[in-house]
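Examination of the molecular architecture
Now for the letters of each chain:
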Amino acid sequence: GLAAGCGQHRDSRFFTWPGKGGPAAISDETLRPLASGVQVADEVCRIFYDMKVRKCSTPEEIKKRKKAVIFCLSPDKKCIIVEEGKEILVGDVGVTVTDPFKHFVQMLPEKDCRYALYDASFETKESKKEELMFFLWAPEQAPLKSKMIYASSKDAIKKKFQGIVCDTIAVPCRAAHLHHTG
């Protein structure tokens, strides 16, 4: 099955991904060395704000809104940046992307860590809801050094992402089956 949870700020939970191999979960404590001093690029903050604030827009502007974005460390490991070409636009859904969540998962690397934002849509008994989710992607095959720097830099990016209520550590799981609506 799929294990997922949303926590208030510092309460990280676990999320398993289908078809990526690896264990079902790692603990926050395993991934929490000293703070890294990594900076967050302005573009990362701008993208977060644009995804968080759903202002009234024209249909063309809505199509350009981001559904999912992946962030990585710069080559010198000193800054969190947008990973080029690793995004899904709202306008892609139903056109070039049939299952946005599955496509999002497939964009994540099998052997390295990443941060990601995903604008999830789901329905409750009462209404349709949207939730901006923040992920730390940490596959078992990622180098230990990468896991450590991504984990220790997570607070830097979370401080810039004010108002995120769903904070998830995501690891792949061979046995997971995913049923997600958006």
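Our subject in this report is the structure included herewith. Here the structure is a predicted model, which means the values were calculated and not measured. (Residues numbered from 1 in each chain as written. Predicted model: local features only at pLDDT ≥ 70, side-chain atom pairs only at ≥ 80, totals over all residues. Heavy atoms only, no water.)

This paragraph deals with helix α3 (residues 100–107). Pro100, Phe101, Phe104, Val105 and Met107 are the residues of α3 that are buried. On an axial view of α3, the arc spanned by its buried residues comes to 155 degrees, and they lie on one face. Where α3 starts, the residue carrying a side-chain oxygen 3.3 Å from the main-chain nitrogen of phenylalanine 101 turns out to be aspartate 99. (Buried < 20%, exposed > 50% of the residue type's maximum accessible area, 1.4 Å probe, protein only. Helix = DSSP H or I, 4+ residues; strand = E, 2+ residues; numbered from the N terminus. Arc of directions from axis to C-beta. Polar contact = N/O pair within 3.5 Å; in protein donor to acceptor, adjacent residues only side chain to side chain.)

Turning our attention to the pattern of salt bridges. With the rule as written, the count across this model stands at seven salt bridges. When the shortest N-O distance is used, the salt bridge between lysine 63 and glutamate 60 registers 3.7 Å. On the criterion of helical spacing, the pair formed by lysine 63 and glutamate 60 is a turn pair, its members being three residues apart in helix α2 (residues 59–64). Of the charged contacts in the structure, one is a salt bridge between arginine 114 and glutamate 83, with a shortest N-O distance of 2.6 Å. Within this pair, whereas arginine 114 is found in strand β5 (residues 114–123), its partner glutamate 83 is found in strand β4 (residues 79–89), the two being separated by 31 residues in sequence. Across the pair, glutamate 83 and arginine 114 agree in class, each one buried. (Salt bridge = Lys/Arg side-chain N within 4 Å of Asp/Glu carboxyl O.)

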